[in-house]
Amino acid sequence: MARAVRTFGIGAALALLLLFSQEVRDIAGSAGVAIPGFPMPYGGSLLDNLLGVIVVLFGAAFILRKPAVPWRALGLGSNGWRAPLLVAIGTLPAWIGLWLLGGFSREWSWLDLLMLAILYPLAEEVAFRGFGFILPRRALGWRMPFALGVQALLFGLVHWWSLGGPEGGALALQVFWITAIGAVAMALLDAMDGYTIWSGWVLHISLNAAWTVFRVPEDAMFGWADNMLRFGAAGLALLLVWRLAQRSRAPS
């Protein structure tokens, strides 16, 4: 009984820390403490993501009761380049499909690409897949379905809330399911790649980059074609990394 209570308490603390990490400035603002963003384009969002990473780093140290968090506890070690490369290859059909749907967009900059496709996904992967999945799975011994589900639910809820929550209607609800399913795919990729975050990050990078540099027609945005490309890329990446993992385990 005591062990169950402790496990529940740790799980609740982890979930609350993860949600808090994504809303630090908003929560501080509600308490009357304004935290200005960096004086640059994307400065507010960049600070939000940086604060989120700092919170989960301290949270991991608190949960593990260690003064410093081992890199591998958050999936920041390396398991080589083969799985992330296969993930990138698996997303190529999505790039081709988006190019055929609408061609290249001229409404983006290299700063957009850096922020939206590289830095923001990195911060989210450290928080949700590192702190939210790899840490509880490897260090706390959570079962796979539970570890997958918790981080996917929280990832979906954060994106749902960012689109207005209940006021966002059907679009916000669709984004919830898309991001939650994507969170499962990215966590599975990370698990198959030795519990490191880099394969999931590459999937996150590639899909965000594709939806940044291509012009997606309004009637296709979040429609069947858009979702088929998104889920097809994730499925192909999972298949390729799964085959790599099977070959790696096969006796030589």
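Cut-offs applied
- Residues numbered from 1 in each chain as written.
- Predicted model: local features only at pLDDT ≥ 70, side-chain atom pairs only at ≥ 80, totals over all residues.
- Heavy atoms only, no water.
- Core = buried A, V, L, I, M, F, W, Y, C linked by side-chain atoms within 4.5 Å.
- Buried < 20%, exposed > 50% of the residue type's maximum accessible area, 1.4 Å probe, protein only.
- Helix = DSSP H or I, 4+ residues; strand = E, 2+ residues; numbered from the N terminus.
- Polar contact = N/O pair within 3.5 Å; in protein donor to acceptor, adjacent residues only side chain to side chain.
- Axes fitted to C-alpha atoms, helices over the stretch in contact; angles between N-to-C directions.
- Parallel < 35°, antiparallel > 145°, perpendicular 65-115°, else oblique.
- Left-handed = near helix turned anticlockwise from the far one by under 90°.
- Contact = heavy atoms within 4.5 Å.
- 1 Å grid on protein atoms, 1.4 Å probe; cavity = no way out; pocket = protein on both sides within 12 Å on 5 of 7 lines; lining within 4 Å.
- Points joined across faces, edges and corners; volume = space filled by probe spheres on them.
- Nonpolar A, V, L, I, M, F, W, Y, C, P; charged D, E, K, R; others polar.
- Patch = residues over 30% accessible without salt bridge, like charges linked within 9 Å, V, L, I, M, F, W, Y side chains within 5 Å.
- Areas by Shrake-Rupley, 256 points an atom, 1.4 Å probe, with all protein chains shown as cover.
- Salt bridge = Lys/Arg side-chain N within 4 Å of Asp/Glu carboxyl O.
- Phe/Tyr/Trp six-rings, centres within 6.5 Å; stacked < 30°, edge-to-face > 60°.
- Lys NZ or Arg CZ within 6 Å of the ring centre and 35° of its normal.
- pLDDT = per-residue confidence, 0-100.

Undergrad: Is there a simple way to explain the nonpolar core in this structure?
TA: Within soluble globular proteins, side chains that are nonpolar generally end up buried alongside one another. The biggest cluster of nonpolar side chains holds 59 residues, and the ones touching the most others in it are Phe 131, Phe 133 and Leu 203. Sorting elements by how many residues they give to this core places helix α6 (residues 110–139) first, with 10 residues.

Undergrad: How should the side chain of Thr 91 be read in this particular structure?
TA: As for its position among the elements, Thr 91 is in the loop between α4 (82–90) and α5 (92–102). Polar side-chain contacts of Thr 91 include one of 2.7 Å to the backbone oxygen of Ala 88.

Undergrad: Just checking my understanding: could you explain the packing of α5 against helix α10 (residues 224–249) for this structure?
TA: Packed helices, taken two at a time, are described by their axes: the angle between them and the distance between them. For the pair α5 and α10, the least separation of the axes is 9 Å and the interaxial angle reads 165°. On the basis of the axis angle, α5 is roughly antiparallel to α10. The two elements α5 and α10 meet at a crossing, and its hand is right-handed. Residue-level inspection shows Pro 93, Ala 94, Gly 97, Leu 98 and Leu 101 of α5 in contact with α10, the latter providing Ala 225, Leu 229, Ala 233 and Leu 236.

Undergrad: Even after reading the chapter, I still don't get the layout of surface pockets, so can you show me in this structure?
TA: Space left empty within the atom packing is revealed by a probe, the size of a water molecule, rolled over the atoms. Taken as a whole, the largest pocket spans an internal volume of roughly 1,200 Å³. Taken together, 38 residues form the lining of the largest pocket, with Glu 124, His 159, Thr 179, His 204 and Asn 208 sitting closest to its centre. When grouped by side-chain class, the residues that make up the lining of the largest pocket number 20 nonpolar, 12 polar and six charged.

Undergrad: Would you take a moment to explain a nonpolar patch on the surface for this structure?
TA: Nonpolar side chains collect at one region of the surface, where Phe 38, Met 40, Leu 50, Ile 54 and Phe 58 lie side by side and expose about 470 Å² of accessible area between them. Relative to the assigned elements, Ile 54 resides in helix α3 (residues 43–64). Given the relative accessible area of 36%, Ile 54 is considered partly exposed.

Undergrad: How do you make sense of the pattern of salt bridges when you look at a structure like this?
TA: Where charged atoms of side chains with opposite charge meet at close range, the side chains can pair. Summed over all chains, the structure comprises three salt bridges. A salt bridge links Arg 25 to Asp 48; the nearest nitrogen and oxygen atoms lie 3.2 Å apart. Remark: Asp 48 occurs in helix α3 and Arg 25 occurs in helix α2 (residues 24–30); sequence separation between them is 23 residues. Overall, Asp 48 belongs to the partly exposed group, its relative accessible area being 29%. With a closest N to O distance of 2.5 Å, Asp 226 and Arg 230 form a salt bridge. Here the residue Asp 226 and the residue Arg 230 both occupy positions in helix α10, the gap between them amounting to four residues, near one helical turn. A relative accessible area of 14% places Arg 230 in the buried class.

Undergrad: Where do I start with the packing of aromatic side chains in this structure?
TA: Given two aromatic rings, their pairing is described by the distance between the two centres and the angle made by the two planes. Taken as a whole and assessed by the stated rule, the structure comprises 10 aromatic pairs. Taken together, Trp 95, Phe 104 and Phe 214 form an aromatic cluster joined through their ring pairs. For Arg 129, the ring lying beneath its charged end belongs to Phe 155, and the centroid distance is 4.3 Å. Above the ring of Trp 211, the side-chain terminus of Arg 230 is found at 4.6 Å from the ring centroid.

Undergrad: In this structure, what is going on with unusual backbone geometry? I would like to understand it.
TA: Working note: non-glycine residues mostly have negative phi, and peptide bonds are mostly trans. Positive phi values are uncommon outside glycine, yet Tyr 42 reaches one of about 65°. Relative to the assigned elements, Tyr 42 resides in the loop between α2 and α3. The phi dihedral of Tyr 195 falls on the positive side, at around 55°, and the residue is not glycine. Considering the arrangement of structural elements, one finds Tyr 195 in the loop between α8 (169–192) and α9 (198–213). The class for Tyr 195 is buried, based on a relative accessible area of 14%.

Undergrad: Help me out: how do you make sense of the confidence of the model for the protein in this one?
TA: A low pLDDT score tells you not to read the predicted coordinates there in detail. With 95% of its residues at a pLDDT of 70 or more, the protein has an overall mean of 92. At the low end of the mean pLDDT range in the protein sits helix α1 (residues 2–21), at 80; at the high end sits α4, at 98.

Undergrad: I would appreciate a short explanation of the environment of Gly 165 in the present structure.
TA: Position of Gly 165 relative to the elements: it lies in the loop between α7 (144–162) and α8. Through-space distance from the C-alpha of Gly 165 to that of Phe 176 is 9.4 Å; in sequence the pair is 11 residues apart. Other than its neighbours up to four places away in sequence, Gly 165 contacts Trp 160 and Ala 172.

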